[in-house]
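# Structural overview for review
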Amino acid sequence: NVMSAVCMLMMETDTWKGAQALLGSSQQNRDDGDTEAVWQEYDVKLLFLLKSFDVFLRAEDESILTYVGHFLVDPRFKSDNYFLQSFGPAAVRLVEWIWGAYAYVKKAKEIKKKYDGLRHIKAAIGRFHNSKESLFERANKYEERASGLREKVQKASRRKDRWQAKYDKLEELLMKCQEMVVQYTSDDEHELDEYEKMLQEEGEVKATVESVIELMLQELESENEDPDLEELGMREDGCTLTHMIDKQVQIGREKMFRLGDYKFAGGKLVVTKPINILELQAKLGQDLVEQINFMMNEYPKVVKWTMLDGTVITREQLVDCIRCRWSIKDEKEAINAAERQWQTVYPASKHTAFMAIQSRTNFIMSENAKEEARIWMERHPEDVKLTETWMAAEFQEDYHEDTARVALEMKDEKKDGPELQSMADVWCRLNRQAVLDELDHQNKERARAYQDEHPDETAKSVLMFRNLTGEEGLNEVDVANATAWISLNLGAVVEAEEAESLRLATEFVTKFGAEEDLPGAEKEEAEKEKEKEEGGEGGEEGKEGGLKTPEKKSPKKAIETEGTPDKDKKSTAREAVKLVMDVMASKEDRELAMAWANREENKEKFHLMQGQVNKELLHDDLVAGSNVKAALDNIKVWHQSLELRRTRLGLKTDKMREEEEIELEKERLAEEKRRAEEDERIRQEEEAERLREEEEEKERQKKGRKNRKPPAKKKKIARAPPVKKKEKPPEPEVTDEGVLKLMKDILQARVKIVNNCESRLDYNRKRLDMFEQRLDEVEFDKMYLEVSDRIRPSEAKVELHKQATLRRDRIKFLTQAIIDEKKIIEENEKILEEQRNIVFKETGEYPGSSAAGGEEWEQYYDEQYGVWAWYNNVTGEVQYE
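Residues numbered from 1 in each chain as written. Predicted model: local features only at pLDDT ≥ 70, side-chain atom pairs only at ≥ 80, totals over all residues. Heavy atoms only, no water.

### Comments concerning the overall build of the chain
Using the following cut-off: Where helices and strands are cited, they refer to DSSP runs of H or I of at least four residues and of E of at least two residues respectively, numbered from the N terminus. The buried label goes to any residue with under 20% of its type's maximum accessible area, the exposed label to any with over 50%, and the partly exposed label to all in between, with areas taken from a 1.4 Å probe on protein chains only. Two residues qualify as a contact provided that any one of their heavy atoms is within 4.5 Å of a heavy atom in the partner residue. Every accessible area reported is derived by Shrake-Rupley at a probe size of 1.4 Å, with residue values counting cover from the shown protein chains alone.
Along its length, the chain carries 34 helices and seven strands. Residue burial in the chain is summarised as follows: out of 881 residues, 29% are buried. The contacts of the chain with a sequence gap of at least 6 include a subset with a gap of at least 24, amounting to 60%. As presented, the chain carries roughly 62300 Å² of accessible surface, and 53% of it is formed by carbon and sulfur atoms.

Right under this line is the structure:
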């Protein structure tokens, strides 16, 4: 329980291996297959992970506090507990750390909202700094552009000054010319000449030029002003892209609710009649593109824009922004709708909070209503707190005697009603210390009761209650009392387990293992008994027969001996591995093997031997086909049992079916023979009739036309009626469970053979390609004809001979390996074709690799353990063959 709580707080896998990894070093975890330990260095992984302990990440997961909290109610989870202290200072420190971490996470959960607000403010500050830097960059770019424009303005100003000087000279010249003009008048009215007209219209031309310049300046000034927002249908504050996207999302969601059947329930959007949302969002994106192009005065078909900093914006990105805002809007409105719905159902403020709190334990309320209550409680923590205080006080007043005991009984009792159940639950939440004291008291009472019931060897009798699965059929009261006694007497239980483990391991070595693995006393006793038995039975023959005392081996030599690949040698580790892997072995023998393997001094030998046995089995399976042969033997045995059961039940056996097929084949051959004879007889009769007609025709031609008689009618040749084909009588439906199970097992075994054959073919074909490639490399390699220049001439000949011999041996080995692999492939293809045809005959489908585990299962080779395994693509589960 201590390590389970530590794993949960550290957000690691809650397994024994995960707990060992937390307390191990990086070197140990690398050896155990931890990929992260490859690039990390630490002495204790738990201390290393504490450097990056994110308390607010754990505060978000409510299951952590709930899971760890149910350990903390155990009275053993105290640093001053005697039995906890008996395990050493490390256990005490771990429990103190668990209490501190629990309080730390709980406090972090209370300030989580403030922390999130602070984090958002920091993020906003960061965004402000980023935008400030980007604005400075844009300002610098604008400054560079302005400096170039200033130079152009200066040049234009100088040109203007030159033209102004010319204009002034011309104007001065014009004034002189006007002074020289003679003013005259004529009495006769005549049409004005061109010069007179120019002088008359001089004032109008000047006014026209000034008006045109003024209009051009106004147009230039209007280019830097905002567009006509009213013409776009937008408010003045909606000119930003964010507001434009929000408006398109609002339009699309209104259309979604209008055309489809959408509603909010339980803080989620529930769909009854959906519409094509993706098509609608794409249409909104197109409308947004048109609005952007209209505002930027660009071509309407532009779908990609480049910002001043080089960033490229596309239409697809705008559609993604619409979808993101859409989902955020749905989530917010769903939460708001859940809050409004709960307040609508329970409008009174106090009643609203009371029913929301009651939803935690109300087994009648629907899940949607519970989710709405949870959302309401998250948004009204003050109301919930006041109501919980009132509920706890009311419960305390009603049950003022043994309140903790009554609350623990009522909070899980449904017959008292949801109201009392919720009040008891609230009281337990607010009075945690009293609840812990009551649980401690009840635990002691149960332990005392079990002690009184089993006064002798209590620790040994309690071992059967360890690691229960709930399917043993034991009395619940006995299980609860035993568990309580275990929690208060962990030291005695550990000692009893150690003694039992040693007894089982010794019994296993005595029954299955080698003598050198026996402990000292047991080993000497076994040797004496063996010598006594052999001496008593053999007499003098024992002396003359050369009976020798087994040679003693050092532990190191024993381990090396067990690690050798000699399969016939007696090895305790090999026997243990075989029993653990053999599902047909007895439960008692498997327990003995597991007890021996779990001993600390035997773990390394067991794991080394397990890897060696797995490699041997894999080689036997892929090269020698041991699994295929075993499956064929099983099919043979099952088929014999199936035939005997069919005979006993009066059903048709496979032998009877074969005899029927032989009879039907004989009848078919006899019918074909009769048909051939009948066809030959008809052919001969037709040929005789044709010859007779030809002779009659010749005779008529000789006698002449006068004596010619009409031709006789053709004789109709009778044919024998066809014999009806004898149909195979339908077989009665099989209903016997034993027959059906055997047929199913045989079919599954055949499918497994097909899959194993496919794996073997793939493996051996790769080996064949590898051997052929190596053979080609050896044959084309001419390095065996050369030697180093540093070798003496007298030794060069010997070296060349060695290289030629080595090359010849390699070619011989590779050639024989290729022949063996081709033989294995040919044999395997024959078995595969045969089994496939049998399965197709029975099921109508050809099996493949997916037949063993379904479409969701995928077979792969685990290089770490050296075995084939199946991986579930849905659940992530791995099963080894």
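### Some words on the pattern of salt bridges
Selection rule: Salt bridges are defined by distance alone: a side-chain nitrogen of Lys or Arg within 4 Å of a carboxyl oxygen of Asp or Glu.
All told, the structure shown has 42 salt bridges when counted by the stated rule. A salt bridge links Glu 500 to Arg 503; its shortest N-O distance comes to 2.5 Å. Linking Glu 500 with Arg 503, this pair stays in helix H24 (residues 490-512), spanning three residues, or about one helical turn. For Arg 503, a relative accessible area of 42% gives the class partly exposed. With a closest N to O distance of 2.6 Å, Glu 758 and Arg 836 form a salt bridge. Here the residue Glu 758 occupies a position in helix H33 (residues 737-780), and Arg 836 occupies one in helix H34 (residues 793-843), the gap between them amounting to 78 residues. By relative accessible area, which is 16% here, Glu 758 ends up buried.

### Regarding the nonpolar core
The condition is simple: Side-chain atoms within 4.5 Å link the members of a nonpolar core, which is a set of buried Ala, Val, Leu, Ile, Met, Phe, Trp, Tyr and Cys residues.
Within the largest apolar cluster, 30 residues are counted, with the highest numbers of intra-cluster contacts made by Val 6, Met 10, Val 68 and Ile 98. Elements with a contribution of two residues or more to this core: helix H1 (2-9), helix H2 (16-23), helix H4 (45-50), helix H5 (55-60), helix H6 (62-72) and helix H8 (89-110). Examining the composition of this core, we find that eight residues originate from one element, H8, more than from any other. Once you skip the residues sitting within four places of it in the chain, Ile 98 turns out to touch Val 2, Ala 5, Val 6, Leu 9, Val 68, Leu 72 and Phe 77. Counting 27 residues, the second-largest nonpolar core is a separate cluster that includes Ala 353, Ala 369, Ala 392 and Leu 408.

### Describing the pairing of strand E1 (residues 261-265)
For a regular strand, side-chain orientation follows a simple rule: the groups alternate between the two sheet faces. For clarity, the threshold we go by: By the convention used here, strands pair only if DSSP detects at least 2 bridges between them.
Where E1 meets strand E2 (residues 268-273), five bridges bridge the pair, whose relative direction is antiparallel. From the neighbouring strand, Tyr 262 faces E2, where its bridge partner is Val 271. With antiparallel pairing between neighbouring strands as the criterion, E1 and E2 make up a hairpin whose turn holds two residues, including Gly 266 at a positive phi of roughly 65°.

### Points about unusual backbone geometry
Positive phi, normally seen in glycine, also occurs at Asp 402, with a value near 50°. Mapped onto the fold, Asp 402 is located in the loop between helix H18 (381-398) and helix H19 (403-410).

### Thoughts on the side chain of Glu 438
Mapped onto the fold, Glu 438 is located in helix H21 (residues 432-453). Sequence-distant contacts of Glu 438, defined by excluding residues within four places in its chain, comprise Ala 404, Arg 405 and Leu 408.

### With respect to the packing of H6 against H8
Condition: Helix axes use the C-alpha atoms of the stretch in contact, all axes being lines fitted to C-alpha atoms, and the angles between their N-to-C directions lie in the range 0 to 180 degrees. Working rule for handedness: look at the near helix, and if it is turned counterclockwise from the far one by less than a right angle, call the crossing left-handed; if clockwise, right-handed. Under this grouping Gly is polar, as are all residues other than the nonpolar Ala, Val, Leu, Ile, Met, Phe, Trp, Tyr, Cys and Pro and the charged Asp, Glu, Lys and Arg.
Between H6 and H8, whose axes approach to 11 Å, the crossing angle comes to 145°. When the axes of H6 and H8 are compared, the crossing they make is left-handed. Counted together, Glu 62, Leu 65, Val 68, Gly 69 and Leu 72 of H6 and Ile 98, Trp 99, Tyr 102, Val 105, Lys 106 and Lys 109 of H8 form the full contact between these two elements. Tallied by class, residues from the contact of H6 with H8 come to seven nonpolar, one polar and three charged.

### Remarks on H21
This is how the line gets drawn: In a helix, the anticipated span is given by 1.5 Å times the number of residues less one.
Its 22 residues give H21 an end-to-end C-alpha distance of 31 Å, which sits within 8% of 32 Å, the value for a rise of 1.5 Å per residue. Within H21, the full set of buried residues consists of Val 435, Leu 436, Glu 438, Asp 440, Gln 442, Asn 443, Ala 447 and Tyr 450. Buried positions along H21 lie against H6, H8, H19, helix H20 (418-430), helix H22 (458-461) and helix H23 (476-488).

### Comments concerning the confidence of the model for the chain
Condition: A residue's pLDDT is the confidence the predictor assigns to it, expressed on a 0 to 100 scale.
With 76% of its residues at a pLDDT of 70 or more, the chain shows a mean pLDDT of 76. Considering only residues more than four positions removed or in separate chains, one finds that residues 536-569, a stretch of pLDDT under 50, has 28 contacts.

### Re the packing of aromatic side chains
As a reminder of what qualifies: Here the aromatic set is Phe, Tyr and Trp, taking the six-membered ring for Trp, and pairing holds for ring centres within 6.5 Å; pairs whose planes are under 30 degrees apart are stacked, those over 60 apart are edge-to-face, and all others are tilted. Geometrically, a lysine NZ or arginine CZ counts as sitting over a ring once it is within 6 Å of the ring centre and also within 35 degrees of the ring normal.
This structure, assessed with the given rule, holds eleven aromatic pairs. Ring geometry for Phe 257 versus Phe 264: centroids 5.9 Å apart, planes at 50°, classification tilted. Relative accessible area serves as the criterion here: at 29%, Phe 257 is assigned to the partly exposed category. Taken together, a centroid distance of 6.1 Å and an interplanar angle of 75° make the contact between Phe 354 and Trp 390 edge-to-face. Placement of the pair is Phe 354 in helix H16 (residues 349-358) and Trp 390 in helix H18, with a sequence separation of 36 residues. Note on Phe 354: relative accessible area 11%, which makes it buried. Residue class for Trp 390 comes out partly exposed when judged on its relative accessible area of 34%. One Lys or Arg, Arg 58, reaches over the ring of Phe 53 and ends 4.1 Å from the middle of that ring. Sitting over the face of the ring of Trp 163, Lys 166 holds its NZ or CZ atom 4.6 Å from the ring centroid.

### Digging into the packing of H1 against H2
For any two helices packed against each other, one specifies the inter-axial angle together with the distance between the axes. Selection criterion: Oblique is the label for any angle not covered by the other classes, which are roughly parallel (under 35 degrees), roughly antiparallel (over 145) and roughly perpendicular (65 to 115).
Running from N to C, H1 and H2 cross one another at 75°; their axes reach a closest spacing of 10 Å. In this view, H1 runs roughly perpendicular relative to H2, as classed from their interaxial angle. Contacts from Met 3, Val 6 and Cys 7 in H1 reach Gly 18, Ala 19, Leu 22 and Leu 23 in H2. Considering only residue class, the contact of H1 with H2 consists of six nonpolar, one polar and no charged.

### So, the environment of Ile 357
The residue Ile 357 is located in helix H16 in this model. Relative accessible area serves as the criterion here: at 2%, Ile 357 is assigned to the buried category. For the pair formed by Ile 357 and Arg 374, sequence separation is 17 residues and the distance between their alpha carbons is 8.4 Å. In this structure Ile 357 touches Met 377, Val 384, Thr 387, Glu 388, Met 391, Ser 422 and Val 426, once residues within four positions along its chain are discounted.

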